[in-house]
Amino acid sequence: MAKIGLFYGSTSGFTEKVAEQIAELLGKTHEVDLTSMEDIGDLDDLLEYDNLVLGSSTWGQGDLQNDWRDPYTEMDDADFSGKTVALFGTGDCDKHGEHFVSALGHLYHKLTERGAKVVGLVDPSGYTFESSLAVVDGKFVGLPIDDINEEEKTPARIEAWVKQIEGAF
Ligand SMILES: Cc1cc2nc3c(=O)[nH]c(=O)nc-3n(C[C@H](O)[C@H](O)[C@H](O)COP(=O)(O)O)c2cc1C
């Protein structure tokens, strides 16, 4: 069974809660190591894994969560070929609908440019937002969660997405 490194950056706890729920569900079929980006040493902690689930909330004007900043820069020199990555993130589609979960877009481009295979794309038709860097070729490049405006949809979204990605690892 493939071991999965699940890393998340969370400022006020929303993404952490989602990460825990994903870890619990994915843990039924895979061995999952759950780590906050606050607690990693450097990017090497991620690169130990060939299977990754990475989560970030979006801050500022479509930026990555703070704990991702240095590792994101370190990614410039990293090789992700042979790695399978699934992305998830939280955001606010109402107040920040013009940059909804855009952090996932930043991660997606950096990772795929360095050889990663990204799995777990999501159809945007179930979401209401203005624009997002996380939509590439008509799909979200990972799982968007909005616990501020659409909390009632979160459990089903997570469950469906975990089912979608579990076979890819
Ligand atoms: C100052 C500020 C800026 C934000 N910017 C964005 C944004 O650009 N896009 C977005 O989707 N959400 C944005 N959000 C919403 C957060 O991403 C959302 O509250 C998220 O769930 C926080 O997750 P965390 O507690 O795990 O960090 C912003 C929130 C604040 C307070």
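Look up: the structure comes first, before these words.
What counts, and at which threshold
- Residues numbered from 1 in each chain as written.
- Predicted model: local features only at pLDDT ≥ 70, side-chain atom pairs only at ≥ 80, totals over all residues.
- Heavy atoms only, no water.
- Helix = DSSP H or I, 4+ residues; strand = E, 2+ residues; numbered from the N terminus.
- Rg over C-alpha atoms; globule rule 2.2 N^0.38 Å.
- Buried < 20%, exposed > 50% of the residue type's maximum accessible area, 1.4 Å probe, protein only.
- Contact = heavy atoms within 4.5 Å.
- Near = heavy atom within 4 Å.
- Polar contact = N/O pair within 3.5 Å; in protein donor to acceptor, adjacent residues only side chain to side chain.
- Areas by Shrake-Rupley, 256 points an atom, 1.4 Å probe, with all protein chains shown as cover.
- Core = buried A, V, L, I, M, F, W, Y, C linked by side-chain atoms within 4.5 Å.
- Salt bridge = Lys/Arg side-chain N within 4 Å of Asp/Glu carboxyl O.

Quick word on the overall build of the protein chain
Argument step 1. Scanning the protein chain for helices and strands turns up five helices and ten strands.
Argument step 2. Relative to the compact-globule value of 15 Å for 169 residues, the protein chain shows a C-alpha radius of gyration of 14 Å, a close match.
Argument step 3. Based on the C-alpha atoms only, the size of the protein chain along its principal axes is roughly 35 × 35 × 30 Å.
Argument step 4. Evaluated residue by residue, the protein chain yields a buried proportion of 50% over its 169 residues.
Argument step 5. When contacts within the protein chain are restricted to residue pairs at least 6 apart in sequence, those whose partners lie at least 24 apart make up 76%.

Here we look at the site of the ligand
Argument step 1. Taken together, 20 residues lie near the ligand, and Ser10, Ser12, Thr15, Ser57 and Thr58 sit nearest.
Argument step 2. Within the side chain of tryptophan 59, one N or O atom sits 3.2 Å away from an oxygen atom of the ligand.
Argument step 3. In this structure, a nitrogen atom belonging to the ligand sits 3.1 Å away from a main-chain N or O atom of histidine 99.
Argument step 4. Bound to the protein, the ligand loses 84% of the 640 Å² it would expose on its own.
Argument step 5. Among the elements of the structure, α1 (14-26) and β4 (58-59) are those that each provide at least two residues to the shell around the ligand.

Examining the nonpolar core
Argument step 1. Ranked by size, the top nonpolar core spans 50 residues in total, and within it Val53, Leu87 and Phe88 carry the most contacts.
Argument step 2. Of all the secondary-structure elements, those providing two or more residues to this core are β1 (3-9), α1, β3 (51-56), β6 (84-90), α4 (103-113), β7 (117-119), β10 (143-145) and α5 (154-166).

Quick word on the pattern of salt bridges
Argument step 1. All told, the structure shown has ten salt bridges when counted by the stated rule.
Argument step 2. In this structure, the salt-bridge partner of aspartate 76 is arginine 114, at a minimum N-O distance of 3.5 Å. Residue aspartate 76 is located in the loop between α3 (69-74) and β6, and its partner arginine 114 is located in the loop between α4 and β7; the two are separated by 38 residues in the primary sequence.
Argument step 3. Judged by relative accessible area, which is 38%, aspartate 76 ranks as partly exposed.
Argument step 4. Arginine 114 is the salt-bridge partner of glutamate 113, the closest N and O atoms lying 3.6 Å from each other.
Argument step 5. Through salt bridges with shared partners, a single ionic network connects Asp76, Lys110, Glu113 and Arg114.

Details of the side chain of threonine 90
Argument step 1. Assignment of secondary structure puts threonine 90 in strand β6.
Argument step 2. In this structure threonine 90 comes out as buried when scored by relative accessible area, which is 7%.
Argument step 3. In terms of polar contacts, threonine 90 uses its side chain to reach the side chain of threonine 15, at 2.8 Å.
Argument step 4. When residues no more than four places from it in sequence are discounted, the contact partners of threonine 90 are Phe14, Thr15, Val18, Ser56, Ser57, Thr58, Val101 and Ile145.

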